[in-house]
Amino acid sequence: ELLLGASQALFGAPRLVPLAEISQWKEDLSGAFVADPERLPTGLFMHPNGYALFLIPFVILLIAGLLYQPHRNLGRRLINIILLLALCLVLWRDYTKGAYAWMILGMVLILLPTALSRFRIGLGWLILLGGIVGLTVLSLQEGIGTVLSRYGLWQAALAVLENPSVLVL
């Protein structure tokens with residue numbers, strides 16, 4: 001996945017899975033549409049967001065490995081650093097802004113002091129849910145387009161769940 005995504009970011013190919021049409025509307029970090037959507041890394045996914053979501057755990061695990069693995073194995077540390085740099089470069093070209101926030105959250109949870117380690121899972125869920133709600137509320141107040149469309153999808157999903165048959169199913 002990493003090599004495929006890196007190749008797509010550099011050369012725009014190979015693309016084993018067709019790029020979703022919605023990717024044409026992907027915005028870069030400045031808010032402008034991506035100049036060359038064919039070079040968006042998606043790996044075996046149709047959209048950069050799904051690809052980024054797939055890669056986030058690897059970034060967090062590599063960081064944890066670098067922080068907590070024994071220092072005597074320098075070869076493994078070097079490989080992990082190279083993989084981490086490659087992942088970060090691919091994710092940078094992916095322009096998945098939400099992924100950056102969730103990776104930072106994961107790193108913060110990894111760096112929690114050992115005294116708080118038993119609260120790590122609970123804090124993780126609390127921060128995750130609070131982050132989703134907070135970002136959504138902030139984005140709705142600011143009128144950010146991508147969140148407005150997602151809010152509409154949430155409303156549609158909740159409307160479907162009002163049907164008792166759907167709830168039972």
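Here, every reference points to the structure presented above.
Residues numbered from 1 in each chain as written. Predicted model: local features only at pLDDT ≥ 70, side-chain atom pairs only at ≥ 80, totals over all residues. Heavy atoms only, no water.

**Focus on the overall build of the protein chain**
Here comes step 1: Counting its secondary structure elements, the protein chain contains 7 helices and 0 strands.
Here comes step 2: Each principal axis of the C-alpha atoms in the protein chain carries an extent, and together these give about 60 × 45 × 35 Å.
Here comes step 3: Counting only residues that meet the buried cut, the protein chain has 32% of its 169 residues in that class.
Here comes step 4: Sequence-distant contacts in the protein chain: of pairs separated by 6 or more residues, those separated by 24 or more amount to 58%.
Here comes step 5: Within the structure as shown, the protein chain displays about 11,100 Å² of accessible surface, and the carbon and sulfur contribution to it stands at 73%. (Helix = DSSP H or I, 4+ residues; strand = E, 2+ residues; numbered from the N terminus. Buried < 20%, exposed > 50% of the residue type's maximum accessible area, 1.4 Å probe, protein only. Contact = heavy atoms within 4.5 Å. Areas by Shrake-Rupley, 256 points an atom, 1.4 Å probe, with all protein chains shown as cover.)

**Brief notes about the nonpolar core**
Soluble globular proteins tend to bury their nonpolar side chains together.
Here comes step 1: Leu-55, Val-59, Leu-84, Leu-87, Leu-91 and Met-103 are the most contacted members of the largest nonpolar core, which totals 19 residues.
Here comes step 2: If you list the elements that add at least two residues to this core, you get helix H2 (48-68), helix H3 (74-94) and helix H4 (97-110).
Here comes step 3: Broken down by element, the residue count for this core peaks at 10 residues, all from H2.
Here comes step 4: Apart from the residues within four sequence positions on either side, Val-59 is in contact with Leu-84, Leu-87, Leu-91 and Met-103. (Core = buried A, V, L, I, M, F, W, Y, C linked by side-chain atoms within 4.5 Å.)

**Topic: the packing of aromatic side chains**
Here comes step 1: On inspection of all chains with the given rule, the structure shows 4 aromatic pairs.
Here comes step 2: The rings of Phe-45, Tyr-51, Phe-54 and Phe-58 are connected pair by pair, giving a single aromatic cluster. (Phe/Tyr/Trp six-rings, centres within 6.5 Å; stacked < 30°, edge-to-face > 60°.)

**Comments concerning unusual backbone geometry**
Here comes step 1: Note that the residue after Ala-13, namely Pro-14, is joined by a cis bond; omega there is -5°.
Here comes step 2: A positive phi angle, close to 55°, is found at Tyr-95, a residue other than glycine.
Here comes step 3: Inspection of the secondary structure puts Tyr-95 in the loop between H3 and H4.
Here comes step 4: Of the residues examined, Tyr-95 reaches a relative accessible area of 15% and is grouped as buried.

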